[in-house]
There are 2 protein chains.
Amino acid sequence: MRGLYLVTDRGLCGEKAVETVILQAVKGGVSYVQLREKDVSTRFFIEEALNIRKILRPYHVPLIINDRVDVALAGGADGVHIGQEDMPYAMARRLLGPEAIIGLSVETWEDVEASQELDVNYIGVSPVFATPTKTDTKDAWGLEGLHRIKAFSRHPVVAIGGIHPANVKEVLDAGADCVAVVSAICASDDPEAAAKELNAIIRSGK
Amino acid sequence: MRGLYLVTDRGLCGEKAVETVILQAVKGGVSYVQLREKDVSTRFFIEEALNIRKILRPYHVPLIINDRVDVALAGGADGVHIGQEDMPYAMARRLLGPEAIIGLSVETWEDVEASQELDVNYIGVSPVFATPTKTDTKDAWGLEGLHRIKAFSRHPVVAIGGIHPANVKEVLDAGADCVAVVSAICASDDPEAAAKELNAIIRSGK
């Protein structure tokens, strides 16, 4: 896992369609897309996933579904991102198979230690910085916490939470393999330009 | 499908645990249990399903999950009940396999006609009577609508919506193979007695 990872937020997209934000973000260089929905029907979520899969295919960008293994299976997604309140990892792996991308959020040090025993594809260090996007998370890890996790973990580390162009460099310096953003792209008036700006910083640091 | 079918509602259970209501209802003669949850995490829903499966096993009562195929798969349930806003039937059947019980709500005559082409295990005629439990449904079918569906459909018919001891006889007379209730059991001070009362009427009519 390297590069820029978009996590969608319907509310932050405002009047822009989620599909439009995704397409522009991918044109701006996003390497992974996680579709996150909380207040839509299962059928809507599946149809949206199928649509977005079509949008992403020409760019070879994987589609990852937040939480919902049923939507990932029915929507032909490449994997799921699960949190500690979602399906237990072993069940998700059994249902999705060995080829699926499965990422797991770590919110406490116990989560980090437990993830060492799992063949997850990445861990999501969440949140790195405090953020208004997610209110149900634990304390922020900070750059210090991110660094400690990177030194300990055998998994690729995706950093998420409050990351924007002004702090992405220090997130990478602290050890993030991949940088995930929500509002920095979804809430931007120009998602393609926002993705390009972030991506240029990420690429220059490698 | 015959007999009495309980659909759970956490809110209507009030201070009673959902598991307690289910156990009492099964002791009172319920033949099917559908676990319906809307505002709990995926992990909670799966753990609840696993617990309830254990409760039901000695009684040989199938556990059906509302909407969530992922929870049904991970929770070892016997099937799912899907509405028109949930996963399309064909996908659910593909994911759950030929042995699963899959029920489908029909809310319009078009839904009834479309269900003839599907190998669903039953159709849920929803709602038979207007009910405060579900506010997102179409107009009530009434006994007339239920009768018309039974005459037309090749599937077992489960009637749901506003059914209680005083009207269950006419629901059966109108053609219901099976009677589903929510508040008549969940909101009762004595779910076992409530189930027994309904079940006695159902059995006497056969």
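Residues numbered from 1 in each chain as written. Chains lettered and ligands numbered in written order. Predicted model: local features only at pLDDT ≥ 70, side-chain atom pairs only at ≥ 80, totals over all residues. Heavy atoms only, no water.

Under the counting rule described, the total for this entry stands at six aromatic pairs over all chains. With a centroid separation of 5.1 Å and an interplanar angle of 55°, the aromatic rings of Trp109 of chain B and Phe152 of chain B are classed as tilted. Of this pair, Trp109 of chain B sits in helix H6 (residues 109-115) while Phe152 of chain B sits in helix H7 (residues 142-152), and the two are 43 residues apart along the sequence. Residue class for Phe152 of chain B comes out partly exposed when judged on its relative accessible area of 35%. What links up through ring pairs into an aromatic cluster is the set Tyr5, Tyr32 and Tyr122 of chain A. Sitting over the ring of Trp109 of chain A, Arg148 of chain A keeps its end group 4.3 Å from the ring centre. (Phe/Tyr/Trp six-rings, centres within 6.5 Å; stacked < 30°, edge-to-face > 60°. Helix = DSSP H or I, 4+ residues; strand = E, 2+ residues; numbered from the N terminus. Buried < 20%, exposed > 50% of the residue type's maximum accessible area, 1.4 Å probe, protein only. Lys NZ or Arg CZ within 6 Å of the ring centre and 35° of its normal.)

Now for the nonpolar core. Ile65 and Ile185 of chain A together with Ile65 and Ile185 of chain B are the most contacted members of the largest nonpolar core, which has 125 residues in total. If near-sequence neighbours (up to four positions away) are discounted, Ile65 of chain B is found in contact with Leu35, Phe45, Ala49, Val71, Ala72, Ala77, Gly79, Val80 and His81 of chain B. (Core = buried A, V, L, I, M, F, W, Y, C linked by side-chain atoms within 4.5 Å. Contact = heavy atoms within 4.5 Å.)

Under the definition given, this model contains 17 salt bridges over all chains. Between Asp173 of chain A and Lys169 of chain A there is a salt bridge, with its nearest N and O atoms 3.1 Å apart. Note that Asp173 of chain A and Lys169 of chain A are positioned in helix H8 (residues 168-173) at a spacing of four residues, about one turn of the helix. You can call Lys169 of chain A partly exposed: its relative accessible area is 41%. For Lys150 of chain B, the salt bridge goes to Asp177 of chain B, with nearest N and O atoms at 3.0 Å. Taken together, the residues span a long stretch of sequence, with Lys150 of chain B in helix H7 and Asp177 of chain B in the loop between helix H8 (168-173) and strand S8 (178-181) at a distance of 27 residues. Several salt bridges share partner residues, and in doing so they unite Arg68 and Asp70 of chain A together with Arg68 and Asp70 of chain B into one network. (Salt bridge = Lys/Arg side-chain N within 4 Å of Asp/Glu carboxyl O.)

This paragraph deals with the interface of chain A and chain B. Contacts between chain A and chain B engage 20 residues on the former and 20 residues on the latter. Regarding the contact of chain A and chain B, the summed buried area is about 1,700 Å², with carbon and sulfur atoms giving 59% of it. Connecting chain A to chain B are two salt bridges. Among the salt bridges present, the one from Arg68 of chain A reaches Asp70 of chain B, with a minimum N-O distance of 3.8 Å. Across the chain A-chain B interface, the total number found is ten residue pairs in polar contact (both at pLDDT 80 or more). Among the elements of the structure, helix H3 (42-56), helix H4 (69-74) and helix H5 (89-96) of chain A are those that each provide at least two residues to the side of chain A that touches chain B. Across the side of chain A that touches chain B, the residue classes tally to nine nonpolar, four polar and seven charged. (Buried area = accessible area lost by both parts, 1.4 Å probe. Polar contact = N/O pair within 3.5 Å; in protein donor to acceptor, adjacent residues only side chain to side chain. Nonpolar A, V, L, I, M, F, W, Y, C, P; charged D, E, K, R; others polar.)

This part covers the environment of Lys38 of chain A. All names here are of chain A. Relative to the elements of secondary structure, Lys38 occurs in the loop between strand S2 (32-35) and H3. For Lys38 and Asn66, which are 28 residues apart along the polypeptide, the C-alpha to C-alpha distance reads 9.2 Å. Apart from the residues lying within four places of it in its own chain, the contact partners of Lys38 are Asn66 and Asp67. There is a polar contact of 3.5 Å between the side chain of Lys38 and the side chain of Asn66.

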